[in-house]
Amino acid sequence: MNLKTFIRDIPDFPSKGVVFRDITPLLKDPKAIRYTQEALLDLVGGLKVDKVVGMESRGFFFAPMLAARLEAGFVPVRKPGKLPYNTIQQSYNLEYGSDVLEMHSDAIQKGDRVLVHDDVLATGGTAKATCELIEKMGGEIVQCNFLLELDFLNGKDKLLKFEVNSLLHY
């Protein structure tokens, strides 16, 4: 199955000159969802995984499915104020300014083997901040796993110490 046929290009979103890669057509097709899930699992291979961390919000589409199939727990990473329990935070830089991510303070145990998943690897800031949160808690990142990667933004450069795999490249 050619997954790129399920990715819709939206020109000038969120700003002029940007081409947004919209995955919602893929999410409408049950065969494409199943194929994507299996392909993402193939990227993991035989790695032992205790937790799958998914980033808000589109990382929530496949991360829980991967966790269930890997017999691992799912951990959401969210923007501030969205999680109801005690949290730890990690700030990170954006092109203009900064942002913060949060995770429950009991989500990762020391020694947990963690798969980090998101829909898109762009500049790498969110993924790097997520990895820093996991490492603060004593987790070991076994792989960063993405549906698609925007190679020209060099986000992988922020994740050099981790194994990074993506299904699609643009």
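Residues numbered from 1 in each chain as written. Predicted model: local features only at pLDDT ≥ 70, side-chain atom pairs only at ≥ 80, totals over all residues. Heavy atoms only, no water.

Draft legend 1. Fine view of the pairing of strand 4 (residues 73-77). Sheet topology places strand 3 (residues 51-55) next to strand 4; five bridges connect them, and they run parallel. Among the inter-strand pairings, V52 is bridged to a residue of strand 4, identified as F74. Each parallel crossover has a hand, and for strand 3 linked through helix 3 (residues 59-70) to strand 4 it is right-handed. (Pairing = 2+ DSSP bridges. Helix = DSSP H or I, 4+ residues; strand = E, 2+ residues; numbered from the N terminus. Right-handed = clockwise from strand over helix to strand, strands pointing away.)

Draft legend 2. Broad picture of the packing of aromatic side chains. Evaluation of the coordinates by the stated rule reveals two aromatic pairs. Judged by centre distance (5.3 Å) and plane angle (85°), the ring pair of F13 and F20 falls under edge-to-face. Here F60 and F74 contribute two aromatic rings whose centre-to-centre distance is 5.9 Å and whose plane-to-plane angle is 85°, an arrangement assigned as edge-to-face. Here the residue F60 occupies a position in helix 3, and F74 occupies one in strand 4, the gap between them amounting to 14 residues. For F60, a relative accessible area of 24% corresponds to the partly exposed category. A relative accessible area of 30% places F74 in the partly exposed class. (Phe/Tyr/Trp six-rings, centres within 6.5 Å; stacked < 30°, edge-to-face > 60°. Buried < 20%, exposed > 50% of the residue type's maximum accessible area, 1.4 Å probe, protein only.)

Draft legend 3. Looking closely at helix 4 (residues 125-136). Between its first and last C-alpha, helix 4 extends 16 Å over twelve residues, near the 16 Å set by a 1.5 Å rise per residue. Of all the residues in helix 4, the buried ones are G125, A127, A129, T130, C131, L133 and I134. Those residues of helix 4 that are buried are in contact with strand 3, strand 4, strand 5 (87-94), strand 6 (97-104), strand 7 (113-121) and strand 8 (140-149). (Expected span 1.5 Å × (residues − 1). Contact = heavy atoms within 4.5 Å.)

Draft legend 4. Representation of unusual backbone geometry in the model. For the peptide bond that leads from F13 to P14, omega is 5°, which places it in the cis range. Structurally, P14 is set in the loop between strand 1 (8-11) and strand 2 (19-22). The residue after E56, namely S57, is reached through a cis peptide bond having omega -5°. Its location among the elements puts S57 in the loop between strand 3 and helix 3. Of note, the phi angle at E71 is positive, near 55°, even though the residue is not glycine. If you trace the backbone, E71 turns up in the loop between helix 3 and strand 4. Note on E71: relative accessible area 75%, which makes it exposed. With a phi close to 60°, N154 is a non-glycine residue in the positive phi region. Position of N154 among the secondary structure elements: in the loop between strand 8 and strand 9 (164-169).

Draft legend 5. Main features of the side chain of Q90. Mapped onto the elements, Q90 comes out in strand 5. Residue Q90 is classed as buried on the basis of its relative accessible area of 13%. Engagement of the side chain of Q90 in a polar contact is seen with the side chain of K136, the distance being 3.0 Å. With residues near it in sequence (within four places) discarded, Q90 still touches D99, V100, L101, A129, E132, L133 and K136. (Polar contact = N/O pair within 3.5 Å; in protein donor to acceptor, adjacent residues only side chain to side chain.)

Draft legend 6. Here's a closer look at the environment of L70. Here L70 is to be found in helix 3. L70 sits 35 residues away from S105 along the chain, and the two C-alpha atoms are 23 Å apart. Apart from the residues lying within four places of it in its own chain, the contact partners of L70 are L41, V44, V49, V52 and L115.

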